[in-house]
Amino acid sequence: MCGRVVDALGMPIDGKGPLESKHPRRVEIKAPGIVARQSVHEPLQTGIKAIDFFAPVMHGGKIGFIGGAGVGKSVLLTELIHNIAIYHKGISVFAGIGERIREGKELYDLLKFNKVLGNVALVLGQMNENASVRFRVGFAAVTLAEYFRDMGRDVLFFVDNVYRYVQAGNELSTQLNQIPSQDGYQATLDSEMASFQERI
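Just so it is clear, the structure is predicted and the values come from calculations on it, not from any experiment. (Residues numbered from 1 in each chain as written. Predicted model: local features only at pLDDT ≥ 70, side-chain atom pairs only at ≥ 80, totals over all residues. Heavy atoms only, no water.)

Chemist: Before we go on, may I ask you to explain the overall build of the protein in this structure?
Modeler: When its secondary structure is counted, the protein shows 6 helices and 6 strands. Counted from the first residue to the last, the protein has its helices and strands arranged as β-β-α-β-α-β-α-β-α-β-α-α. A compact globule built from 200 residues should have a C-alpha radius of gyration of about 16 Å, and the protein, at 17 Å, falls within 12% of that. In terms of principal-axis extent, the alpha carbons of the protein reach across some 50 × 45 × 40 Å. In the protein, which comprises 200 residues, the proportion classed as buried is 36%. Counted over contacts in the protein with a minimum sequence separation of 6, partners at least 24 positions apart contribute 68%. If the 22 positive side-chain charges of the protein are averaged to one point and the 21 negative ones to another, these points end up 5 Å apart. (Helix = DSSP H or I, 4+ residues; strand = E, 2+ residues; numbered from the N terminus. Rg over C-alpha atoms; globule rule 2.2 N^0.38 Å. Buried < 20%, exposed > 50% of the residue type's maximum accessible area, 1.4 Å probe, protein only. Contact = heavy atoms within 4.5 Å. Lys, Arg positive; Asp, Glu negative; His and termini not counted. Charge placed at Lys NZ, Arg CZ, Asp CG, Glu CD.)

Chemist: Can you walk me through the packing of aromatic side chains in this structure?
Modeler: Aromatic ring pairs: the centre-centre distance and the angle between the two ring planes describe each pair. Counted according to the given criterion, the structure contains 7 aromatic pairs. On the basis of an interplanar angle of 85 degrees and a centroid distance of 4.9 Å, the ring pair of F53 and F54 is categorised as edge-to-face. As far as the burial class goes, F53 and F54 line up, both exposed. Put simply, the rings of F135, F139, Y165 and F196 touch in pairs and so form one group of aromatic residues. (Phe/Tyr/Trp six-rings, centres within 6.5 Å; stacked < 30°, edge-to-face > 60°.)

Chemist: Just to check I follow, could you spell out the packing of helix α4 (residues 131-150) against helix α6 (residues 189-199) for this structure?
Modeler: Two packed helices can be described by the angle between their axes and the distance between those axes. Contact geometry for α4 and α6: axes closest at 10 Å, N-to-C directions at 20 degrees. Relative to α6, the element α4 is oriented roughly parallel. When you trace α4 past α6, the crossing you get is left-handed. Where α4 approaches α6, its residues F135, G138, F139, V142, T143 and E146 are matched on the opposing element by E192, S195, F196 and R199. Split by residue class, the contact of α4 with α6 holds 4 nonpolar, 3 polar and 3 charged. (Axes fitted to C-alpha atoms, helices over the stretch in contact; angles between N-to-C directions. Parallel < 35°, antiparallel > 145°, perpendicular 65-115°, else oblique. Left-handed = near helix turned anticlockwise from the far one by under 90°. Nonpolar A, V, L, I, M, F, W, Y, C, P; charged D, E, K, R; others polar.)

Chemist: How should I be thinking about the nonpolar core in this particular structure?
Modeler: One broad trend across soluble globular proteins is that nonpolar side chains are buried collectively. Counting 25 residues, the largest nonpolar core has V93, V123, F157 and Y165 as its most contacted members. Put simply, the parts of the chain that give this core at least two residues each are β4 (91-97), β5 (120-125), α4, α5 (162-175) and α6. Among the elements that make up this core, the one with the highest residue count is α4 (10 residues). Setting aside chain neighbours within four positions, we find F157 in contact with V93, A95, G138, A141, V142, A145 and I200. If you look at the next biggest cluster of nonpolar residues, it comprises 21 residues, including I51, V57, V116 and V120. (Core = buried A, V, L, I, M, F, W, Y, C linked by side-chain atoms within 4.5 Å.)

Chemist: Explain the packing of α5 against α6 to me, please; I cannot follow it from the model alone.
Modeler: Two elements in contact, α5 and α6, have axes whose closest approach is 11 Å; the angle formed by their N-to-C orientations is 140 degrees. The pairing of α5 with α6 is recorded here as oblique in orientation. Relative to α6, the crossing made by α5 is right-handed. Facing α5, whose interface residues are V162, Y165 and V166, α6 presents L189, E192, M193 and F196. Partitioned by chemical class, the residues of the contact of α5 with α6 number 6 nonpolar, no polar and 1 charged.

Chemist: I tried to follow the pattern of salt bridges on my own but got confused; where do I start?
Modeler: Where charged atoms of side chains with opposite charge meet at close range, the side chains can pair. Taken as a whole and assessed by the stated rule, the structure comprises 10 salt bridges. Between D150 and R25 there is a salt bridge; the shortest N-O distance is 3.1 Å. Here the residue D150 occupies a position in helix α4, and R25 occupies one in the loop between β1 (5-6) and β2 (43-44), the gap between them amounting to 125 residues. For D150, a relative accessible area of 46% puts it in the partly exposed group. As a salt-bridge pair, R199 and E146 come within 2.9 Å of each other at their nearest N and O atoms. Here R199 is found in helix α6, whereas its partner E146 is found in helix α4, with 53 residues between them in sequence. Taking the relative accessible area as the measure of exposure, R199 reaches 5% and is therefore buried. On the basis of relative accessible area, E146 is assigned to the buried category, the value being 9%. Each member of the salt-bridge network shares a partner with another, and the members are R25, R149 and D150. (Salt bridge = Lys/Arg side-chain N within 4 Å of Asp/Glu carboxyl O.)

Have a look at this one:
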């Protein structure tokens, strides 16, 4: 899977031929729920001094990059992938939910140019895809990240972006004629988001 681009069903979309699966896994599994967790206190050295000093990333923790278009989120992402691959011998998994086709291609080319594509698995459900496909991309990618984690590898997991996951769920809810919640989103939003977040 490393160096490859697949869709939510695990089918390659990079034109490099078929994939042979030796260890299939179910994409939709029950989230772990409430479990005893150790506190996260060990900083992960990203190699980006501004992040390591002002907003350290905790090993096993979660962070979010929030910003408008063109402010450098993709540059930070690529630099993090590079540093994790080179300095920590880790694997990165990228879930592109509702990405523009151009964005997915640019990310692929950037990773290839920086010679880190072999340490990254990309799962894309681009904006032209059906809502059901976009809704499953995050779960497919987190399943892949869990696989690498269970192999004992350090995994850097990216989701771009979570709001498009919510939008895909809303579109599905509308297509199924489900009664929306008070704010207009699907009534199942809380449980869907919790399930996804707990697996992360």
